[in-house]
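Examination of the molecular architecture
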Amino acid sequence: AVVSTQSTGDFMTFGVPTRPSTPVYDLLENRYQDRWIRAQREMEKAQREQEKQARRFVNSRSVHHTRTSLLRREKVSTSCPVQPRLWHMSKWGKIEPFLDTYPKSKSKKSGTSHGRVATA
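Only a predicted model underlies this, so the values are computations on that prediction, with no experimental measurement involved. (Residues numbered from 1 in each chain as written. Predicted model: local features only at pLDDT ≥ 70, side-chain atom pairs only at ≥ 80, totals over all residues. Heavy atoms only, no water.)

**Some thoughts on the pattern of salt bridges**
Note the threshold: By definition, a salt bridge exists where a carboxyl oxygen of Asp or Glu is found within 4 Å of a side-chain nitrogen of Lys or Arg. Exposed residues in this analysis have more than 50% of their type's maximum accessible area, buried residues have under 20%, and partly exposed residues fall in between, with area computed by a 1.4 Å probe over protein chains only.
Applying the stated criterion across every chain yields a total of 4 salt bridges. When the shortest N-O distance is used, the salt bridge between Arg31 and Glu29 registers 3.2 Å. Judged by relative accessible area, Glu29 falls into the partly exposed class, the value being 36%. Through salt bridges with shared partners, a single ionic network connects Asp26, Glu29, Arg31 and Arg35.

See the structure below:
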């Protein structure tokens, strides 16, 4: 029988690499939690600093307005005194409706006037 004389070292057990041992002292003193809390505080501090920088940039006069931002600032009146009539081809105005579903002739006139005030 041939015996292997290779030394595997302390990092191998039966040819499989071993994991480093868990530092029990760090677990008992909650150092992992402390590190996590410290990292969270640093992230929050960095985020607050970024928000401060962003606010400084927005408040400065170097902001270039786009067409959209200028239109947002403008007050556009939406009330139009005269409603423009919709355009219709003249040949479609001569065609009578296929169904007559109006109960009275007065409601038929007001429904087919296409925005015009019906005179009864």
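On we go from here.
**Regarding unusual backbone geometry**
Our working rule: Starting at the N terminus, helices and strands are each numbered in turn, a helix being any DSSP run of H or I of at least four residues and a strand any DSSP run of E of at least two.
Phi is positive for Asn30, close to 55°, though the residue is something other than glycine. Considering the arrangement of structural elements, one finds Asn30 in the loop between α1 (24–28) and α2 (31–59). Its relative accessible area of 41% is what places Asn30 among the partly exposed residues.

**A word on the side chain of Ser69**
The line we're drawing: Any pair of N or O atoms that falls within 3.5 Å is considered a polar contact. Within protein, one atom must be able to donate a hydrogen and the other to accept it, and sequence-neighbouring residues count only if both atoms are side-chain atoms.
For Ser69, the location among the structural elements is in helix α3 (residues 67–73). At 3.5 Å, the side chain of Ser69 forms a polar contact with the side chain of His65. Within the local environment of Ser69, its side chain forms a polar contact with the backbone nitrogen of Thr66, the two atoms lying 2.9 Å apart.

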